[in-house]
Amino acid sequence: MTRHKGLQTAAAALSIFALLYALNRMMPLHRDDYDYSMVWMTARHITSFGDVLESVCRHYLLHGGRAVTVFFLDTFLLLGKSAFDFANALVFLALVVLMAMHARRGAAFWREPGIFAAAGLLTWLCLPHFGEVAVWKSGSTVYLWSAVPVLLFLLPYNVRLRVIGTGKEGTLSHRRIFAVPLFLLGIVAGWSVENLAVTTVVVSAGISFYAYRKGAMMPWMPAGALGALLGLIGLIGAPGNFVRYDAQGSGKGILTHIGNQFAGNGEMVLYILPAILLLILAWRLYRLRMAGEEVGTPSERKHGIGRFLLAAFVAFLVVSYFNGGFVAWALRDFLVGHVLVPLGLDKPKTIDHFNNIMHGFEEMAIYWLAIFLFYSWGKERLGLQKARIRALAPVPRCAVLARFPVAKYASRLIALALFNNFVMIAAPTFPARATFSSTVMILIAVLAVLRDPVVAAPIAARGRKLLVTAGGALGTFTMAAALVITHEMDEANAARLAIVERAAASGNPIACMEPIRRKNRALRHVFFVDFDNGVTKDGLCKYFGIANIKVTGAK
């Protein structure tokens, strides 16, 4: 049985790696990649390891403190795209493995292939701006490559915290030799990305102090926390941080920073909707068990026709999406002709922005409608309708958390995720990609409750097929869309890059081209920005030695 589960986990791991490797193979150098392919703030291409070190130092002094992530990025840009494609897929797989370990609070992740597969699927569906943080080189080395050493560093702390007071602490971890690797790994974890680095220091120091109070602190615990603190100091103490803040944060008051919190957290919620709904189902199952009741029979209320029509509409949208988006463009033409034009909102820039919105209309409609359709089915299948839950005797939340340790662990992870986002209040901006590590924490919480017998048993009995169907449908749609669009984007990029190279070779200072036609992003699983964008254009021009790039024609 154990071997069978191990083979299932291996098959899931191979599938995850293959998907990410395919996406990486089709993802070209893009935007900031060109800037980082040169010694920082020069026009000299990186051609040696010495150039990598020089570029990292210049970046640290002139732009920001993320020296570790910049080192990884510059090194792989030197080694070549093929090396990065393989390494990045491997790092993503490591992220999924570590998430499964933290959900188990133990290392033997291969014993639960279902949870491992769920970790891969939820990570794929819920990470905000997936293509930007897990595939694009300059983005993945900042967010994905920071999260992996942090999760690895915090794993022994998590396991230690679980066993304190249980009499199962063991003796191997008492050896002082473990203090050295934890100290060094702590430096790397603390020298990651700003909000995650702060959280890493707080968690490692907090658990160390708790263990000390309980008389169970090991030498490696304060050593690792000290390493994380030193890494954080190296990260935030960079002279380049002050240069960058003067350029981006000058004149922004506290209200702007508070507004950033609403925007960043709000966008994260939109991406983690499947996780939130799973947590709601789990919480209702905990409430039922607390009340001494079992999962009820499926509701007798019939929704057959309505759900059938909704499912048929979703299928129709899928057909439209993969055939030019005829539904979206018919709706677009109707709204432009009957709403925007009569209101006088038909300026070219306004129409262009509206077109960009409509490029993502169908994929968002398909995704959201499907999620709520499956959630509705799941509630009915498990007998967890709101009316039944409300009829239960009131139970304080703290009582539920006190009785079910896994629910308590999940709630602490969610609180930690919110703290991790709150740290961003010190930053001048809070883009959705900065919620990467908080999303990972919330997904670990979801995985933890899904493997709790209180939740897992009723789901296995009544809802397993539905969850597998839902995951398969949502995963298949988004994966197929991402692969198709990434392939088309790669071909379009190659053709347009050839125009730039020809202009550079002929001494023409200006490269002219038409805009990329495909605007869909597969729920942000594909990341691209047209060549006339300031960041893209400036990097390309400097890299190829031309003066300007002009994207002409109707958008």
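About the cut-offs
Residues numbered from 1 in each chain as written. Predicted model: local features only at pLDDT ≥ 70, side-chain atom pairs only at ≥ 80, totals over all residues. Heavy atoms only, no water. Core = buried A, V, L, I, M, F, W, Y, C linked by side-chain atoms within 4.5 Å. Buried < 20%, exposed > 50% of the residue type's maximum accessible area, 1.4 Å probe, protein only. Helix = DSSP H or I, 4+ residues; strand = E, 2+ residues; numbered from the N terminus. Contact = heavy atoms within 4.5 Å. Expected span 1.5 Å × (residues − 1). Axes fitted to C-alpha atoms, helices over the stretch in contact; angles between N-to-C directions. Left-handed = near helix turned anticlockwise from the far one by under 90°. Nonpolar A, V, L, I, M, F, W, Y, C, P; charged D, E, K, R; others polar. Pairing = 2+ DSSP bridges. Right-handed = clockwise from strand over helix to strand, strands pointing away.

Caption draft 1: Molecular detail of the nonpolar core. In this structure, Phe92, Leu95, Phe116, Tyr157 and Phe436 are the most contacted members of the largest nonpolar core, which totals 132 residues. Broken down by element, the residue count for this core peaks at 14 residues, all from helix α5 (residues 81–104). The contact partners of Phe92, leaving out residues within four places of it in the chain, are Ile16, Leu20, Thr123, Leu127, Phe130, Ala134 and Leu144.

Caption draft 2: Spotlight on helix α22 (residues 436–450). In this model α22 runs 21 Å from its N-terminal to its C-terminal C-alpha over 15 residues, within 8% of the 21 Å that 1.5 Å per residue would give. Most of α22 sits inside the fold, with 15 of its 15 residues counted as buried.

Caption draft 3: Highlighting the packing of helix α16 (residues 326–340) against helix α17 (residues 348–359). α17 packs onto α16 with a crossing angle of 150 degrees between their chain directions and a minimal axis gap of 10 Å. Helix-helix and strand crossings are classified by hand; for α16 and α17 the assignment is right-handed. Contact residues: Ala328, Trp329, Leu331, Arg332, Leu335, Val336 and Leu340 in α16; Ile351, Phe354, Asn355, Met358 and His359 in α17. Looking at the contact of α16 with α17 residue by residue, the classes come out as nine nonpolar, two polar and one charged.

Caption draft 4: The arrangement of unusual backbone geometry in detail. Phi at Arg31 is positive, roughly 50 degrees, even though this residue is not glycine. Within the secondary structure, Arg31 sits in the loop between α1 (2–26) and α2 (32–36). Overall, the relative accessible area of 15% leaves Arg31 in the buried class. Non-glycine residue Arg105 carries a positive phi angle of around 60 degrees. Along the chain, Arg105 turns up in the loop between α5 and α6 (113–126).

Caption draft 5: Broad picture of the pairing of strand β2 (residues 548–551). Burial of the side chains of β2 is restricted to one face: Ile549 and Val551 are buried, whereas none of Asn548 and Lys550 on the reverse face is. Of the strand pairs in this sheet, strand β1 (residues 510–513) and β2 are connected by four bridges, and their pairing is parallel. Across the sheet, residue Met513 finds its bridge partner in β2, namely Val551. Crossover handedness for the path β1 to helix α24 (residues 534–544) to β2: right-handed.

Remember, this is a structural readout, not a statement about activity or role.
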